[in-house]
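Examining the three-dimensional arrangement
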Amino acid sequence: MHDQTSLLLLIKSLKDQQISQDQFYRQLTHTITTALGCSRASLWLYSDALLQEIIAVDLYDSLKDEHYQGIALHEDDFAPYFEAMRNDGGIDAAVAAEHPATSCFNELYFEPNDIYSLLDVGIRYQGQLVGVFCCEQVGEVMVWTEQQKLYLEQAGKLITFALKPLLQQKFAALF
């Protein structure tokens, strides 16, 4: 369930230019959704050095078998979440509607999408938070296991490695 082999092979495909960046994002979110047994997974990158907005590079919904891109979340709307990501670098919210850092999503995001649980890990480049990888459970609460959390933390490091050329280009001017 929590083997990193598929992620490593996916990263190798990207590095060897066998797949495009967009294909990589789509396969990444699909692979992690499958590995963790969750409903949705997404990769978000911050749009500025102030870390006030994140934009979905790819969000995969396994229940609908659909991918979404370009969704933007702003600190003005979800301040507790943004603060927690900056301070803690990740969030484990089995009951997301009640978690102090994620309850701000209830009305606008969790309720319309039937999301009960959330597990986020920060993506860091040169020690700076540059993105978030998010896993969500729809329809029921998922208490995230230590194995799932460790897998996602390791995946976050592998994602940073895979995206290094993009991150160098995108964030060189910001940081």
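Please read all numbers here as calculations on a predicted model, not as lab measurements. (Residues numbered from 1 in each chain as written. Predicted model: local features only at pLDDT ≥ 70, side-chain atom pairs only at ≥ 80, totals over all residues. Heavy atoms only, no water.)

Observations regarding the overall build of the chain
Keep this limit in mind: Numbered from the N terminus, helices here are DSSP runs of H or I no shorter than four residues, and strands are runs of E no shorter than two. The size measure is the radius of gyration over C-alpha atoms, and the globule rule it meets is 2.2 Å times the number of residues to the 0.38 power. Note on exposure labels: buried denotes an accessible area under 20% of the residue type's maximum, exposed denotes more than 50%, and partly exposed covers the range between, all computed with a 1.4 Å probe on protein chains only. Every residue pair with non-hydrogen atoms within 4.5 Å of one another is taken to be in contact. Here the open area of atoms and residues is found with the Shrake-Rupley method and a 1.4 Å probe, where only the protein chains shown may cover a residue. Here Asp and Glu are counted as negative and Lys and Arg as positive; His is not counted, and neither are the chain ends. Charged side chains are reduced to one point each, which is NZ for Lys, CZ for Arg, CG for Asp and CD for Glu.
Secondary structure assignment for the chain yields six helices and seven strands. For the chain, the succession of helices and strands along the chain, N to C, is α-α-β-β-β-β-α-β-α-β-β-α-α. Since a compact globule built from 175 residues should have a radius of gyration of about 16 Å, the 15 Å found for the chain is in line with a globular shape. Dimensions of the chain along its principal axes, counting C-alpha atoms only, are 45 × 35 × 30 Å. Buried positions account for 50% of the 175 residues belonging to the chain. Taking contacts inside the chain between residues at least 6 apart in sequence as the whole, the part at least 24 apart equals 55%. Of the roughly 8500 Å² that the chain leaves accessible, carbon and sulfur atoms contribute 50%. Measuring between centres, the 11 positive side-chain charges of the chain sit 10 Å from its 24 negative side-chain charges.

Focus: the nonpolar core
Heads up, the condition is: Residues belong to a common nonpolar core when they are buried Ala, Val, Leu, Ile, Met, Phe, Trp, Tyr or Cys residues joined through side-chain atoms within 4.5 Å.
Counting 33 residues, the largest nonpolar core has F24, L28, I32, L43, F133 and C135 as the members making the most contacts within it. When contributions to this core are tallied by element, the ones reaching two or more residues are helix 1 (5–15), helix 2 (21–36), strand 1 (40–46), strand 6 (115–125), strand 7 (128–138) and helix 5 (146–162). Those residues in contact with L28 that lie beyond four places of it in its chain are L7, L10, L43, F133 and I159. Core analysis: the next-biggest nonpolar cluster, separate from the first, contains 25 residues, W44, F110, I115 and L129 among them.

Considering the side chain of D61
Note that D61 resides in strand 2 (residues 53–61). Residue classification places D61 among the buried residues on the basis of a relative accessible area of 4%.

Regarding the packing of aromatic side chains
The criterion, for reference: For Phe, Tyr and Trp, where Trp contributes only its six-membered ring, two rings pair if their centres lie within 6.5 Å, and the inter-plane angle classes them as stacked under 30 degrees, edge-to-face over 60, or tilted in between.
What the rule picks out here adds up to eight aromatic pairs. Relative to F105, the ring of F78 lies with its centre 4.3 Å away and its plane at 20 degrees, an arrangement referred to as stacked. Highlighted residues: F78 in the loop between strand 4 (72–74) and helix 3 (79–88) and F105 in the loop between strand 5 (90–93) and helix 4 (106–113), separated in sequence by 27 residues. In terms of burial, F78 and F105 fall into one category: buried. A connected cluster of aromatic rings, assembled from ring pairs, spans Y46, F78, Y81, F82, F105, Y109 and F110.

Thoughts on the pairing of strand 6
Applicable threshold: Only strands joined by at least two bridges in the DSSP assignment are considered to pair.
Strand 6 sits mainly inside the fold: nine of its eleven residues count as buried. Bridge count for strand 5 against strand 6 is four bridges, and the pairing is antiparallel. Bridging across to strand 6, D92 finds its partner in L119. Sheet topology places strand 6 next to strand 7; ten bridges connect them, and they run antiparallel. Its bridge partner being in strand 7, Y125 is matched across the sheet by Q128. Counted along the chain from strand 6 to the antiparallel partner strand 7, the turn is two residues long, and its residue Q126 has a positive phi close to 50 degrees.

Description of the pattern of salt bridges
Spelled out, the test is: Any Lys or Arg side-chain nitrogen located within 4 Å of an Asp or Glu carboxyl oxygen qualifies as a salt bridge.
Across all of its chains, the model carries six salt bridges by this definition. In this structure, R40 engages E136 in a salt bridge whose closest nitrogen and oxygen atoms are separated by 2.6 Å. In this pair, R40 sits in strand 1 while E136 sits in strand 7, placing the two residues 96 residues apart along the sequence. In this structure, D92 engages K149 in a salt bridge whose closest nitrogen and oxygen atoms are separated by 2.9 Å. Taken together, the residues span a long stretch of sequence, with D92 in strand 5 and K149 in helix 5 at a distance of 57 residues. One salt-bridge network, in which partners are shared between bridges, spans R40, D61 and E136.

Remember, this is a structural readout, not a statement about activity or role.
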